[in-house]
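# Geometric and topological summary
Here are the chains, one letter per residue:
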Amino acid sequence: MSVLICGGAGYIGSHNVRAFQEHGEDVIIIDSLELGHKESIPEGTKFYHGDIRDGALLDKIFAENNVEAVIHFCAYSLVGESVEKPLKYFDNNVGGMISLLESMQRNNIGKIIFSSTAATYGEPKRVPILETDETNPTNPYGESKRIMEKMMHWVSLQHKIKYVSLRYFNVAGAWHDGSIGEDHRHETHLIPLILQVPLGKRNHVTVYGDDYPTKDGTCIRDYIHVEDLARAHILALEYLRKGGESDIFNLGSGDGYSVMEMINAARQATGLDIPVEIGERRAGDPARLIADSTKAHEILRWYPEITKMEDIIATAWKWHKSHPNGYAS
């Protein structure tokens, strides 16, 4: 049987494709290539070019392949853009989930693993954050992901579809051999932005605020390596195969790194200087966001293996150094 990876040409999706294939799974990909890169798709992998909002295409994929489970990564994910263009995000993210669940019902596909986000929590009332904590998203991106989770919940009660929703915190790094990595057309993630300095693409990295109530005044976030994240999806599929009930899990390291600690780790990983300029705080940036992943440890038996920040950044540096212009290299 096969696993359909929706968004398998994107950053996180492409790493999951390789991890699932190395695990012995038969992988099929659907991706619109609006944000993904065809160059990231391993040779010989069955690929459908299209949008998951195209129900007829999904029906065709399910008819042509013996699909057991769906891994869902298709979503717009820029917080700022979601505030400016909320309907774009609801149309793509929520509309895509409606189309996918409808096709899964029509074709009797009973398992889905969903790429969710810590943005579903909004401004946390306590840290570390538990799955049972209040979800009150502060932007349309986080709201769309929470709606998608609720849709899976209600559909699962009426149809034989079991789901696992994985709420990621910050994902970082690249595949260990440097063959694939992070390449966004509009880069907003911290590590690629930091590494643009030693790549010569910018002369400094801007730190937005150094007066937060943290050890060095800069924001603290929870990071996990993208390969550890991919292992969590494999474990989630195994959990559903063994009859596990639908559930939601946080995925994070449980440790926090400040922005300045990240920059220092990048200096160590690259061996190069990275100048810093301090900017104004950005609206809505919480001082600390850290996951409590105890539930994933106990139920999925998932633990991050690449935990030193210098090691995580070193894999990203290997990718960026060999692909300074991303897949266009």
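These numbers were taken from a predicted model, which means no experiment stands behind them.

Cut-offs applied
Residues numbered from 1 in each chain as written. Predicted model: local features only at pLDDT ≥ 70, side-chain atom pairs only at ≥ 80, totals over all residues. Heavy atoms only, no water. Helix = DSSP H or I, 4+ residues; strand = E, 2+ residues; numbered from the N terminus. Rg over C-alpha atoms; globule rule 2.2 N^0.38 Å. Contact = heavy atoms within 4.5 Å. Areas by Shrake-Rupley, 256 points an atom, 1.4 Å probe, with all protein chains shown as cover. Core = buried A, V, L, I, M, F, W, Y, C linked by side-chain atoms within 4.5 Å. Buried < 20%, exposed > 50% of the residue type's maximum accessible area, 1.4 Å probe, protein only. Pairing = 2+ DSSP bridges. Axes fitted to C-alpha atoms, helices over the stretch in contact; angles between N-to-C directions. Expected span 1.5 Å × (residues − 1). Disulfide = S-S within 2.5 Å. Salt bridge = Lys/Arg side-chain N within 4 Å of Asp/Glu carboxyl O.

Within the protein, the regular secondary structure consists of 10 helices and 14 strands. For 329 residues, the compact-globule estimate of 2.2 N^0.38 gives 20 Å, and the protein sits close to it at 19 Å. Reported as C-alpha extents along the three principal axes, the dimensions of the protein are approximately 55 × 45 × 40 Å. Long-range pairs, those at least 24 residues apart, make up 77% of the contacts in the protein between residues at least 6 apart in sequence. Total accessible area on the protein is roughly 14,300 Å²; 48% of this is exposed by carbon and sulfur atoms.

Generally speaking, nonpolar side chains in soluble globular proteins are found buried as a group. By size, the foremost hydrophobic cluster in this structure holds 41 residues, and its most contacted members are Leu166 and Leu251. Elements represented by at least two residues in this core include exactly β1 (2-6), α1 (11-22), β2 (26-31), β4 (67-72), β6 (162-168), α7 (226-241), β11 (247-251) and α9 (294-300). The dominant element in this core, judged by the number of residues it contributes, is α7, at 10 residues. Core analysis: the second largest hydrophobic core is formed by 28 residues, Tyr48, Ile52, Leu101 and Ile248 among them.

Let us look at the sheet that holds β1. Taken in spatial order, the 7 strands make up an open sheet running β3-β2-β1-β4-β5-β6-β11, and their pairing is parallel. Whereas interior strands pair on both sides, the edge strands pair on one side only; in this sheet they are β3 (46-49) and β11. Across the sheet, the axes of successive neighbouring strands diverge by a mean angle of 20 degrees, strand direction being ignored. Sheet topology places β4 next to strand β5 (residues 111-117); 3 bridges connect them, and they run parallel. Note on β5: the bridge partner recorded for histidine 72 is phenylalanine 114. Set on the sheet, helix α2 (residues 55-64) makes contact with β1, β2, β3 and β4; between it and β3 the angle comes to about 165 degrees.

Structurally, serine 165 can be placed in strand β6. Here serine 165 falls in the buried class, since its relative accessible area comes to 0%. Placed 71 residues apart in sequence, serine 165 and alanine 236 show a C-alpha to C-alpha distance of 9.0 Å. Once residues within four sequence positions are removed from consideration, serine 165 is found in contact with Phe114, Ser116, Glu149, Met152, Asp247, Ile248 and Phe249.

Next up on the list: helix α8 (residues 259-270). The end-to-end C-alpha separation of α8 is 17 Å, in line with the 16 Å expected for 12 residues at 1.5 Å each. Turning to α8, its buried residues are Val259, Met260, Met262, Ile263, Ala265, Ala266 and Thr270. The elements touched by buried residues of α8 are α6 (190-195), β8 (205-208), β10 (223-225), β12 (257-258), β13 (276-279) and α10 (309-322). Downstream of α8 by one or two residues, glycine 271 has phi in the positive range, about 70 degrees.

Another aspect to go through is the state of the cysteines. Going through the model one piece at a time under the given rule, you end up with 0 disulfides. Free of any disulfide, cysteine 6 has its nearest neighbouring cysteine sulfur in cysteine 74, separated by 5.1 Å.

What follows deals with the pattern of salt bridges. According to the stated counting rule, one finds 19 salt bridges in the structure shown. In this structure, aspartate 59 engages arginine 106 in a salt bridge whose closest nitrogen and oxygen atoms are separated by 3.1 Å. Taken together, the residues span a long stretch of sequence, with aspartate 59 in helix α2 and arginine 106 in helix α4 (residues 86-106) at a distance of 47 residues. Among the residues examined, arginine 106 registers a relative accessible area of 46% and is labelled partly exposed. Arginine 126 serves as the salt-bridge partner of aspartate 133, at 2.6 Å between the closest nitrogen and oxygen. In the salt-bridge network here, residues are joined through shared partners; they are Glu25, Glu68, Lys111 and Arg241.

Everything listed is a geometric property; what it means functionally is a separate question.
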